[in-house]
Amino acid sequence: MKNAYRIGEVATRTGCSPESIRHYEKLGLLPAPKRSEQGYRHYDQAALERIGFIRHGRSLGLDLHSIQELLALSDHPDTDCGAADDIATRHLQHLEARIAKLQALAAELRQVVQQCRGGKAADCQIIQTLYDHTHTCSERGCG
């Protein structure tokens, strides 16, 4: 097979573990590769590019379901890309909400840290604040 790569070489070239590659196959993100007479998987260049697509999507924080939807659109290039825009917009809104929550957490922690600069653990504002979780439970929910 010309330009055929075994799973170890694909893992090295893409930075993706063999376990993840097999998992992507199982989920249908990657088509089943051709097999050698010995049963080894052999991937082509298109599979490497597809793994790169998946890894880039994951690095952007996309879940595997969204990546699967985007790959399906990619597999049908004449399809309207409105669905891709919807996926990206939904993900961006989710990220922005998470960022806002993280910024609120950082502000709260910053305030607590500024209140406690040494002394005995019995008087530590950080420890006391962590014991007083009723304020944060009502705002963000306990969990």
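A brief report on the enclosed structure follows. As the structure is a computational prediction, the values presented were derived from the model and not from experiment.

The next point concerns the packing of helix α4 (residues 64-75) against helix α5 (residues 82-115). The contact between α4 and α5 brings their axes to 10 Å, and the two run at 160°. Put simply, α4 runs roughly antiparallel to α5. Every pair of crossing elements has a handedness; the one defined by α4 and α5 is left-handed. Between α4, through Ser66, Glu69, Leu70 and Leu73, and α5, the contact on the second element is made entirely by Ala83, Ala84, Ile87 and Arg90. Tallied by class, residues from the contact of α4 with α5 come to five nonpolar, one polar and two charged.

Here we take up helix α3 (residues 45-59). Along an α-helix, a turn takes 3.6 residues, which lines up residues three or four apart on a common side. The terminal C-alpha atoms of α3, which comprises 15 residues, lie 21 Å apart, in line with the 21 Å expected from a rise of 1.5 Å per residue. Every buried residue of α3 is listed here: Ala47, Leu48, Arg50, Ile51, Ile54 and Gly57. Looking at the buried residues of α3, the elements they touch are α1 (7-14), α2 (18-27) and α4. Taken from the residues just after α3, Gly61 is the one with a positive phi, measuring 90°.

Criteria and cut-off values
Residues numbered from 1 in each chain as written. Predicted model: local features only at pLDDT ≥ 70, side-chain atom pairs only at ≥ 80, totals over all residues. Heavy atoms only, no water. Axes fitted to C-alpha atoms, helices over the stretch in contact; angles between N-to-C directions. Helix = DSSP H or I, 4+ residues; strand = E, 2+ residues; numbered from the N terminus. Parallel < 35°, antiparallel > 145°, perpendicular 65-115°, else oblique. Left-handed = near helix turned anticlockwise from the far one by under 90°. Contact = heavy atoms within 4.5 Å. Nonpolar A, V, L, I, M, F, W, Y, C, P; charged D, E, K, R; others polar. Expected span 1.5 Å × (residues − 1). Buried < 20%, exposed > 50% of the residue type's maximum accessible area, 1.4 Å probe, protein only.

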